[in-house]
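A closer look at the structure
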Amino acid sequence: MTGLPLLEVKNLQISLAVGNTLFHAVENVSLTIGRGETLGLVGESGCGKSITALALIGLLRPPLAVTGGEILFDGRDIRTIPPREMRKLRGNRISMIFQEPMTALNPLSPVGRQIAEMFVLHKGATWNEAEKLAIEALANVRVPAPDRRVKDYPHQMSGGMRQRVMIAIALACGPDLLLADEPTTALDVTVQAEILDLIRELSSAQGTAVLMISHDLGLIANMCRRVGVMYAGHIVEERTAEDIFRSPRHPYTKGLVASLPLLGARARHGRKRLQEIEGVVPPVSAFPSGCRFNPRCHMASDICRIEDPGITLLGQSGLVRCHHHG
Amino acid sequence: MKIRANLLIGGVLFAIVVVAGLLAPLLAHTDPVMDANLMYAEEPPGAEFWFGTDAQGRDIYSRVLHGARISLTVGIVSQLINTIIGVCLGLSAGYWGGWWDDFVSGLTNLMLAIPSLIFALAIMAILNPGLTSLLIALGLTNWSFTCRLARASTLSLKSQGYVQAAKVLGYSDIRIMLTQLLPNMLGPIIVIGTLGMGGAVLAEASLSFLGLGIRPPYPSWGSMLSDARDQITTAPWISIFPGLAIFVTVLGLNLLGDGLRDILDPQSRTRRI
Amino acid sequence: MAAFLLRRLLQTLPILLAVALIIFILFSVIPGTFASSMSDDGRSVIDAQVMERMNKEFGFNDPVYVRFGKYVAQLVQLDLGTSFRTRQPVTKVLAERMWPTLLLTFASMLFSIVIGVPLGFIAALRPGSWIDTLSMVGAVSGLSLPKFWLGLLMMYLFALVLGWLPSFGYGDGSLRYLILPSIALGVAPMALLARTTRAAVLEIMNADFVRTARAKGMSERKVVQWHLTRNALVIVLTTIGLQFGTVIGQAVVIEKLFSWPGLGSLLVDSVTLRDIPVVQGAILLIVLSFLVINTLVDVLCAIIDPRIKYT
């Protein structure tokens, strides 16, 4: 990767204000996304992946706030950009799609208009021009009969269709970076694959970098070249997708990989219980001391309970956060 | 925190009214009905008559205290009747479904189409004015919300595992309704009940004000205000205290209900009535 | 759209019929109502002959279903009977009183909407601020105030002490007479609307589609204008419809307090004087008004919210 990376996050800290105390929901998170690259972010619910994405697009609202670190988008620190300028970036150069297509669109407005808004907001188009561009955008996301569907209201569309509309909205202005927060989790399995293919195709066609967030390791491995694993507000491992599957280094990652049910595994390995990682993700207010994963970790030793492991760089562009990695 | 404030202030206000009512015979200075001395008619508030006297020479302070008994009795009892009717109808309608459900739903819609004060008025029109009639009238007018709530809760709880289990175990329908379903909807019912009590107090005051509820010489706050209207030019202070008493009582109940709602029914989407 | 309106109006007919039935049962079937109405009127024990004659005249000797049949037949022809007291057709009596009540109802609802909804908006857009707390405390107080007490106090202050406004009556129908009654009647709905609006706005501010709008790069002002207002209004409109019913009912008390010559005070007077036909007619008319207004509000909702199918 040559040249300045598109997105560089350094030591990001996001805190939750409860009364007079600050809880650090995300701490010490660093990642990089190059132009046109797809990075995956995996983790269970509550690990902080969604709020990380919200921080990147500047949509964190109280009581959450970025309290430390830098977010460099194309060289500029997002934290220092004034709100008016940030609005020009949002939707235009950084876009986001969300998990629940059912509720993500304004129920009182035709979808065509909601797409057209993007062109009026950011490209200075008139409403007439924008409506035409909206039809094109719908065609791009493979919605049949786009000239008719442009007038539909969200409730007249299926979940998969609505997600396509969301994608159309997000990619309308050709952004440099697309943040996709569990875009397929709420959809039927059959539709999931279509939507993911769509995202992959469109983003590579437009050269859009993608941050794909999911709890599904299999999905991520399919879409992304590099993968980061998050746990309790930390990135505990970041490697290429291949490496993570072949030789996971962090006990949590190992657990995640092992818990993936594999087709044909029974024929090959005989009957085995479905692997799971015991325990639950700790709440922000009660992170364990030392390594945050230690209560659930098979390999935990004394040092794990006392000292939070720092980042260990592994060879070319990989990192892990564990006292016992390897 | 905002939540606690509701509960605290509401509870205190309501408690004050309850205590005033319970201890009225002790706290009052005179008999509210009998002690009427025309010599002292229309005295402004002073050392002897704390709230002044009315046109008949009765001590307003004592009457207000005794009025608390009437208002609270009406409020609590009528709301209790409403709740029982509403729960019985709603639970059974949701549980058994079929034509009974259709009937109850139709009845509920009907009740919702008639403004409640009008309905209470109509019933009072054919009964003799008095406490019992009032209890019946008010007890029959405000059960619709409880009924809808009970029915909706029953419909959603009916398919839960533990209800099915109880059926399989051979529990009778009534037993299931009372032991499995009812306890799980108590929260919102209590909230509606508390807020409904405030409504009942206001309704009683309104009806008495119109002369169709508790009639003079009994010290209902509402009828006291009706008298006050006639005396407004000569003795305006009569208007203040009974109304203030109603306000404090209903405010206490409303705050209490809100506070309870925050605890017992946090995702409530019921309109704040 | 017209079909929808028609359909909804037709749906109100069964309710109206059921109300008529209930009223009939309450007033015409329950024994003794008629007799007591006559004695309460001041006359002493009724002469048996007179009683018999009255029974014949009003058909009280016929079986119940015959009476109900006659009653419905008369209703359909818009004949509501004759007032016991004034011997005038009930329809005439009601017609005279209809307009003042409608005027009062609409004036107070207007007051409550114009003040309550913006108040709720402002409170929701600055949650936790002093404006918010003050508004909500004011709202809960407004809901707890007895309307007639408020009316009485206002009457005392503005009419008797300050002399700015007339203290009672309809007068020449000018605005001055309308102010006190409509404010007294409108304070409680205003409080409720403020709370409902606040809750609706808060709910929407945190809704997913608002988050999407922000992610699109929309300014906060546009978000409020375009997304918030219409969506919140849909929720608030339903409450407004229901509130009309409450206001129509409560108007009875205010009308009596201010000697406002509307249906409400007519109803109360008729109940006191046991003028049964007028009571029946007034209740029917009041319920009809409420149903019609509710239907209109429903239609309005359907226009604004495309999710409501109206084809």
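In short, a report on the structure. (Residues numbered from 1 in each chain as written. Chains lettered and ligands numbered in written order. Predicted model: local features only at pLDDT ≥ 70, side-chain atom pairs only at ≥ 80, totals over all residues.)

Concerning the packing of helix H3 (residues 60-96) of chain B against helix H10 (residues 186-209) of chain B
All names here are of chain B. To keep it simple, the criterion reads: Working convention: axes come from line fits to C-alpha atoms, limited for helices to the stretch in contact. Angles between N-to-C directions cover 0 to 180 degrees. Helix and strand definitions follow DSSP, with helices as H or I runs of at least four residues and strands as E runs of at least two, each counted in order from the N terminus. An angle below 35 degrees is treated as roughly parallel, one above 145 as roughly antiparallel, one from 65 to 115 as roughly perpendicular, and anything else as oblique. Take the far helix as your reference; a near helix turned counterclockwise from it by less than a right angle gives a left-handed crossing, and one turned clockwise gives a right-handed crossing. Our contact criterion uses C-beta atoms placed from the backbone: two residues qualify when those atoms are within 7 Å.
Contact pair H3 / H10: the axes reach a minimum separation of 8 Å and the direction vectors enclose 135°. What the angle tells us is that H3 and H10 run oblique. Judged by the sense of rotation from one axis to the other, the crossing of H3 with H10 is right-handed. Across from Ser71, Val74, Gly75, Ile76, Ser78, Gln79, Asn82, Thr83 and Val87 in H3, the residues of H10 making contact are Ile189, Gly193, Gly196, Met197, Ala200, Val201 and Glu204.

Observations concerning the interface of chain C and chain B
Put simply, the rule reads: Gly is put with the polar residues, along with every residue not named as nonpolar or charged; the nonpolar set is Ala, Val, Leu, Ile, Met, Phe, Trp, Tyr, Cys and Pro, and the charged set is Asp, Glu, Lys and Arg.
Taken residue by residue, the interface counts 43 residues in chain C and 37 residues in chain B. The biggest single contributor to the side of chain C that touches chain B is helix H10 (residues 220-257) of chain C, with 10 residues. A per-class count over the side of chain C that touches chain B returns 31 nonpolar, 10 polar and two charged.

Section: the interface of chain A and chain C
At the interface, 23 residues of chain A touch 17 residues of chain C. Those elements that place two or more of their residues in the side of chain A that touches chain C are helix H2 (83-89) and helix H3 (111-123) of chain A. The biggest single contributor to the side of chain A that touches chain C is H3(A), with four residues. Residues of the side of chain A that touches chain C, tallied by class, amount to 12 nonpolar, six polar and five charged.

Regarding the sheet that holds strand E4 (residues 64-73) of chain A
All names here are of chain A. Just so we agree on the cut-off: In this analysis, strands are considered paired if DSSP registers two or more bridges between them.
Here we have four strands laid out as an open sheet, ordered E2-E1-E4-E5, and antiparallel in their pairing. Every interior strand has two partners, whereas the edge strands, strand E2 (21-33) and strand E5 (76-77), have only one. In this structure, strand E1 (residues 7-18) lies alongside E4, joined through eight bridges in antiparallel fashion. Among the inter-strand pairings, Gln13 is bridged to a residue of E4, identified as Gly68.

A short note on the packing of helix H5 (residues 90-125) of chain C against helix H8 (residues 175-205) of chain C
Residues and elements named next belong to chain C. Between H5 and H8, the shortest axis-to-axis distance is 5 Å and the interhelical angle comes to 35°. For the pair H5 and H8, the crossing hand works out as right-handed. Its residues assigned to classes, the contact of H5 with H8 comprises 25 nonpolar, eight polar and two charged.

As for the arrangement of the chains
The chain pair with the greatest number of contacts, out of two pairs of chains in contact, is formed by chains B and C. You won't find any contact between chain A and chain B; their C-alpha atoms come no closer than 11 Å.

Some words on the sheet that holds strand E7 (residues 177-181) of chain A
Backbone hydrogen bonds are what pair the strands of a sheet, in a parallel or an antiparallel way. Residue and element names in this part refer to chain A. The strand order E6-E7-E8-E3-E9-E10-E12-E11 describes an open sheet built from eight strands, whose pairing is mixed. Every interior strand has two partners, whereas the edge strands, strand E6 (94-97) and strand E11 (312-313), have only one. By the bridge criterion, five bridges tie strand E3 (residues 38-42) to strand E8 (residues 209-214) in an arrangement that is parallel. Note on E8: the bridge partner recorded for Leu39 is Leu211.

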